[in-house]
Protein chains: 4
Amino acid sequence: MASKTMRALVKERAGTGLSLRDVSVPAPGPTDVLVRVRKAGICGTDGHIWAWDRWAQGRLRLPVVVGHEFMGTVEDVGSAVVGVKPGDRVSGEGHISCGACLLCRTGQAYICERVKIAGVDRDGCFADYIALPEQNIWRLDPTVPDDWAAVFDPLGNAVHTVMTAGVSAKSVVITGVGSIGLMAIPVARAAGATKVIAVDLNPHKLALAKRLGADEAFDARMADLEETVRGLTNGDGADVLLEMSGSGAAINSGLRMVRNGGRAALLGLPSDDVSLNLAESIIMKGLTVLGINGRRMFETWYQTQSLVVAGRIDLTPIITHVIPLERYEECFDLLREGAAAKIVMEIA
Amino acid sequence: MASKTMRALVKERAGTGLSLRDVSVPAPGPTDVLVRVRKAGICGTDGHIWAWDRWAQGRLRLPVVVGHEFMGTVEDVGSAVVGVKPGDRVSGEGHISCGACLLCRTGQAYICERVKIAGVDRDGCFADYIALPEQNIWRLDPTVPDDWAAVFDPLGNAVHTVMTAGVSAKSVVITGVGSIGLMAIPVARAAGATKVIAVDLNPHKLALAKRLGADEAFDARMADLEETVRGLTNGDGADVLLEMSGSGAAINSGLRMVRNGGRAALLGLPSDDVSLNLAESIIMKGLTVLGINGRRMFETWYQTQSLVVAGRIDLTPIITHVIPLERYEECFDLLREGAAAKIVMEIA
Amino acid sequence: MASKTMRALVKERAGTGLSLRDVSVPAPGPTDVLVRVRKAGICGTDGHIWAWDRWAQGRLRLPVVVGHEFMGTVEDVGSAVVGVKPGDRVSGEGHISCGACLLCRTGQAYICERVKIAGVDRDGCFADYIALPEQNIWRLDPTVPDDWAAVFDPLGNAVHTVMTAGVSAKSVVITGVGSIGLMAIPVARAAGATKVIAVDLNPHKLALAKRLGADEAFDARMADLEETVRGLTNGDGADVLLEMSGSGAAINSGLRMVRNGGRAALLGLPSDDVSLNLAESIIMKGLTVLGINGRRMFETWYQTQSLVVAGRIDLTPIITHVIPLERYEECFDLLREGAAAKIVMEIA
Amino acid sequence: MASKTMRALVKERAGTGLSLRDVSVPAPGPTDVLVRVRKAGICGTDGHIWAWDRWAQGRLRLPVVVGHEFMGTVEDVGSAVVGVKPGDRVSGEGHISCGACLLCRTGQAYICERVKIAGVDRDGCFADYIALPEQNIWRLDPTVPDDWAAVFDPLGNAVHTVMTAGVSAKSVVITGVGSIGLMAIPVARAAGATKVIAVDLNPHKLALAKRLGADEAFDARMADLEETVRGLTNGDGADVLLEMSGSGAAINSGLRMVRNGGRAALLGLPSDDVSLNLAESIIMKGLTVLGINGRRMFETWYQTQSLVVAGRIDLTPIITHVIPLERYEECFDLLREGAAAKIVMEIA
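Residues numbered from 1 in each chain as written. Chains lettered and ligands numbered in written order. Predicted model: local features only at pLDDT ≥ 70, side-chain atom pairs only at ≥ 80, totals over all residues. Heavy atoms only, no water.

**Topic: the environment of Asp88 of chain A**
Residues and elements named next belong to chain A.
- For Asp88, the location among the structural elements is in the loop between strand S5 (69–77) and strand S6 (89–92).
- In this structure the C-alpha to C-alpha distance between Asp88 and Arg139, which are 51 residues apart in sequence, comes to 6.9 Å.
- Polar contacts involving the side chain of Asp88 include one to the side chain of Lys85, which spans 3.0 Å. (Helix = DSSP H or I, 4+ residues; strand = E, 2+ residues; numbered from the N terminus. Polar contact = N/O pair within 3.5 Å; in protein donor to acceptor, adjacent residues only side chain to side chain.)

This is the structure:
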């Protein structure tokens, strides 16, 4: 069994910042799995918690251990756990769904209304140990590199978005190439996209987008952006939009770049209401707009691992920093500055 | 061949109103069909043209014969027409698509960017004769009543919306029960909906909705509307929203009434931009939002006719007025007053 | 807690027949639910077990309590059960899936390769009590009649077949109207079918098919059956085939009755290999053939209950016999004779 | 206008062989396009016509110009042709559908029951000129190499099969790697397959399969083939089967290699009935079996061209021979010997 206490990055009280503290190692219940965390990814959500923004203030009940992207080794399992054993190398789904509602019972657990999110609604993974229900554990193929396994959660967001949109033999515009938008580039190519066009404001991200396989990477402020995209797509507009910025301007522009009858998958969360020309941008065009949340449990995980194991995607250029837990403040500085793509914390 | 001139309801010049004039009978080209119009439905679009609103001013080039919902008898056919002959009893698709673009060549002609609409972009059916390409002609089953055949166009809008949303064994909320929303009630029931909830502001339309088979009919201003709908749908929210009002308030409310993972089909055209809480109403909920335009060519027409011929839907309560062409001003008065559900003009 | 022993219909040894015995009441594990069985449906599978045919000999390990269709009242629950409590009126899914494989983790538990079936691979419901995992319990809406609740399992087969095929605004041929085929008639109509054509050899079943809403009911030996069906479907052939006989001749004939591009859902299990003209019946026609097994967990259960609660289907004509458990031999005599449609045993 | 006579490879009379003859240049009707053929692919169907097998004897009315895969330059257009002009570089869809039936009017023209096939039911492309309806003409992107354009028809078969099956992030078994099966390898990879396993009897084709990107290539007679495929697919079986051999043994084996809930697309045409264990291979497994015929008009053509233009597939290794029309007997010798993958005839 694990030692009694462990290091954990805790949101202790209202206000900015997080604290590295010694806390009790979680005790797994009969159907739970205790994981020794080895690496953990830092998500924009963690930044919101650090900054203690309006969303964080409304959602979190403190104190809570932060973090939801990770990989590690199974340390211990509850008495009723049957499919996972100590020593297994694993990642985990951080959305713990209720298991009893219509959505959970019909394969849509990823949008369960009673979901609890690790690192938000219950203790998370920026710690030496995390406990999760067996159902949420994902056993890793031995060929998956540790750093990539640590970010299967956001990679899964990208895969879920791409696969729900459907990109085989299609042209794709991605608005917003933060870390998930960047991941969506190799994922879309691997999933069959014939053209990938990245749009963002940040020239470093756009350069990285090209490196990751985007056919084109455009500044969102380019004067004739929408016409240019039309020109690159036989005059029709793109078959698919993957919206990953959450910006109202990007959503409006993105919808205009999709062809009639196309599909738009929205993953980025706008912080405010967005005004849309519904008649022209969606209704008259016969568009299909798809709200995307989390990862399909566990279809997305199978797809994600199969893409990685098959060598169809390369995350190396995206994981720009690997930094020990102790230097967590440096991680959050980098996150704020937008200088990093994906930061992984080394915990053990 | 037809006589040289005919009666036609013409938009001659800017400003309100229409004029009943004698104009030339259209000459069908080699691939066209000339139809002797017998009955024609009046659409909200015709009201916009009468009123000469902003949309009409921007779109129409005058003069133009108005009207696009009709049935009649084939009078004459062009030399290259092979599948239609004089005497055939027909209705017709008023959207004339280009036939050559990506959309037309992949079964999505209903959203062709170069579409011309009869009664809007070219001469329509409020006249003794209309000419249409053979491709746009729909041969009527002999069991379809004339009055119903005259409104296959808006009935097709309802069918297209219902079938795209998918309602089999599902609960359905319809926001806006104007004539198409009303039609959607028996169509949704016939297509397999297990619960149909109508929402509108107009008590007469709500009463008619109940008569047409809605399980519930609610005033949109009801204080606890969204909670009530939840209560009627096992606490989950409705599986499907059919938005047929074009009202921003209804769209926002409707999206809140749909369950996570549900589908929302938008047919009503907002006249202005609509502000939406995209994060909560669409993205987090994993909703699928479907822009609906026109009718699938010609899948919707097959579905529409099969539902009518099978006796699965009854339009009798919806066609509240049948009025001769000469009394067209009375028709448009009724339309403006909102007193009528569907008005059919008797032309021959 | 329940009494120590109970009555149970047991397959004790090789050879025909079943025995009514006193056996121990099952002891529910921590995640199990113990149900006091009140009514139970008899399935063709139970007949195979009675007859001890080749399939039964190969599959069953004796002794085993038979039966898998039932309804009853929760008597007791294991310590880890959270969503079900004593007194709940329930039915249950008899397929106990492994929970850990690709299929179970991606919403396809109904085709889990390691499934155990109640009454086949583990003790079933022809007894005073049955124990099932909480996950398999279905809570009944109070408006569902007991006799109907007892046959939610085969009704679910019918619903799963109809919903997978997709029948909204479509014409449907059902080959084989045994009890599930008969149930499929009102289900298909409720789900939106515009024409339902039943085909069977048994005139009593065909008469019952008409009573249940089939538009046509034909003897499978009718000389011009396939041409007749074409004539009833605009010369195209039926949109959908629901194959519920398991007869090779019916499958071949049924596939010929489907139109090009149509869908054929196969539920009936042939006991031998079937020879098919794949080129003409499936490949050239661009058919979609769907293997159907069990019920979607638990999408089918939601659909089934919603159809019943909405009053869209009536099973009264199908449940031809309700007979006390003690007279089980009479039930199996009726089953063998083909005189009954659906037999329900009254247990408590 | 073209010269009055031209060279054409004609099936003149019953018996083996074809004749190179001078025949009249076809006169295009008002909606037709006359194409100067430059290159043409040889299909297995052409081999059946050469050999005058049972199928050919039953289907063809002689004499007929053979051949249906081609590319060339538009020589002349009929008076009503609007979207194609002399000088355009084109390929063409050889299935001329009726345009008026349910299938043609609902986007399924590729399975029109009244289809006429160029080179089978009407004069084909092994000639200096071919006339086709404008609707059947496909304008080529300038970057498509001539030899590849000449085989867009069979490449389209492969694309239609792959896209209908759906291979994004899936494992795929291809049974039968003749020329279309070989093409399906790069197509499946480009469309997103994460693993491609080829199965055939011919070691040369298997070697070519590996060169084209198959992860594995197995002899169909390998003792433990099905277990091996399971082992390569996490023990589940392949997600998708693409059956391209038409062999009954391969179909049975292929179905066993697909996982429960998987999809099997059948393109290869068995010459005789095939005996299947429907219960175990399709029904219990919940398989979806898709009959594949021709190419979607014209969705498949858009997909095919987009894959080629994007550089996602390379046909170079498949087009093993390019031979002048005059040496047509050599082509058919090669075809019979199975030594060639794809043979292209040079006509102009």
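**Digging into the pattern of salt bridges**
- Tallied over the full model, the rule gives 87 salt bridges over all chains.
- In this structure, Arg7 of chain D and Glu326 of chain D form a salt bridge, with 2.5 Å as the shortest nitrogen-oxygen distance. Taken together, the residues Arg7 of chain D in strand S1 (residues 5–11) and Glu326 of chain D in the loop between strand S18 (319–324) and helix H11 (328–337) connect sequence positions 319 residues apart.
- Overlapping salt bridges, with partners in common, bring together Arg7, Arg36, Asp128 and Glu326 of chain A in one network. (Salt bridge = Lys/Arg side-chain N within 4 Å of Asp/Glu carboxyl O.)

**A short note on the interface of chain C and chain D**
- Counting from both sides, the interface comprises 35 residues of chain C and, opposite them, 35 residues of chain D.
- Approximately 3100 Å² of surface area, both sides summed, lies buried where chain C meets chain D, with 58% of it carried by carbon and sulfur atoms.
- Of all residues in chain C, Asn260, Leu278 and Ile283 of chain C bury the most surface against chain D, accounting for 18% of the area lost on that side.
- At the junction of chain C with chain D, the criterion picks out two salt bridges.
- The closest approach of N and O atoms between Glu113 of chain C and Arg230 of chain D, which form a salt bridge, is 2.6 Å. (Contact = heavy atoms within 4.5 Å. Buried area = accessible area lost by both parts, 1.4 Å probe.)

**Some words on helix H1 (residues 44–51) of chain A**
Residues and elements named next belong to chain A.
- For H1, the full list of buried residues reads Asp46, Gly47, Ile49 and Trp50. When H1 is viewed along its axis, its buried side chains cluster within an angular range of 160 degrees and face the same direction.
- Lining the buried residues of H1 we find strand S1 (5–11), strand S3 (32–41), helix H2 (54–59) and helix H11 (328–337). (Buried < 20%, exposed > 50% of the residue type's maximum accessible area, 1.4 Å probe, protein only. Arc of directions from axis to C-beta.)

**Details of the relation of the copies chain A and chain B**
- When chain A is fitted to chain B, the best match, at an RMSD of 0.0 Å, comes from turning it 180 degrees and sliding it 0.0 Å along the axis. What we have between these two chains is a two-fold relation. It is Ser275 of chain A whose C-alpha, among those of chain A, lies nearest the rotation axis, at 2.0 Å. (Least-squares fit on C-alpha atoms with pLDDT ≥ 70 in both.)

**Quick word on the relation of the copies chain C and chain D**
- Structural alignment of chain C on chain D gives an RMSD of 0.0 Å, achieved by rotating through 180 degrees and translating 0.0 Å along the axis.
- Same-surface contact between copies: 100% of interface residues of chain C are shared with the interface of chain D.

**Here we look at the packing of helix H4 (residues 152–165) of chain A against helix H10 (residues 299–309) of chain A**
Residues and elements named next belong to chain A.
- Running from N to C, H4 and H10 point in directions that differ by 100 degrees, and their axes come no closer than 9 Å. As judged from the angle between their axes, H4 and H10 are roughly perpendicular. In contact with Phe152, Leu155, Gly156, Val159, His160 and Met163 of H4, H10 contributes Thr300, Trp301, Gln303, Thr304, Gln305, Leu307 and Val308.
- Its residues assigned to classes, the contact of H4 with H10 shows seven nonpolar, six polar and no charged. (Axes fitted to C-alpha atoms, helices over the stretch in contact; angles between N-to-C directions. Parallel < 35°, antiparallel > 145°, perpendicular 65-115°, else oblique. Nonpolar A, V, L, I, M, F, W, Y, C, P; charged D, E, K, R; others polar.)

**Remarks on unusual backbone geometry**
All names here are of chain C.
- Omega for the peptide link from Leu62 to Pro63 comes to 0 degrees, which places this bond in the cis form.
- Along the chain, Pro63 falls in the loop between helix H2 (54–59) and strand S4 (64–65).
- If you check the backbone angles, Asn234 has positive phi at about 55 degrees while not being a glycine.
- Structurally, Asn234 is set in the loop between helix H7 (225–231) and strand S14 (238–243).
- Assessed through its relative accessible area of 69%, Asn234 is described here as exposed.

**Thoughts on the nonpolar core**
Residues and elements named next belong to chain D.
- Ranked by internal contacts, the top residues of the largest apolar core, which has 63 residues, are Leu155, Ile174, Leu182, Ile185 and Leu242.
- Of all the secondary structure elements, the ones that give two or more residues to this core are helix H3 (146–149), helix H4 (152–165), strand S11 (171–175), helix H5 (179–190), strand S12 (195–200), helix H6 (203–211), strand S14 (238–243) and helix H10 (299–309).
- In terms of residue count, the dominant contributor to this core is H5 (eight residues).
- Taken domain by domain, the makeup of this core includes at least three residues from each of domain 1 (5–151 + 315–346) and domain 2 (158–291). (Core = buried A, V, L, I, M, F, W, Y, C linked by side-chain atoms within 4.5 Å. Domains from an automatic or database assignment.)

**A word on the sheet that holds strand S4 (residues 64–65) of chain A**
All names here are of chain A.
- If you walk across this open sheet you meet the three strands as S2-S1-S4, and the pairing is antiparallel. Two strands bound the open sheet, and with one partner strand each, they are strand S2 (19–24) and S4.
- Where S1 meets S2, six bridges bridge the pair, whose relative direction is antiparallel. Across the sheet, the residue bridging to Leu9 is Leu20, located in S2. (Pairing = 2+ DSSP bridges.)

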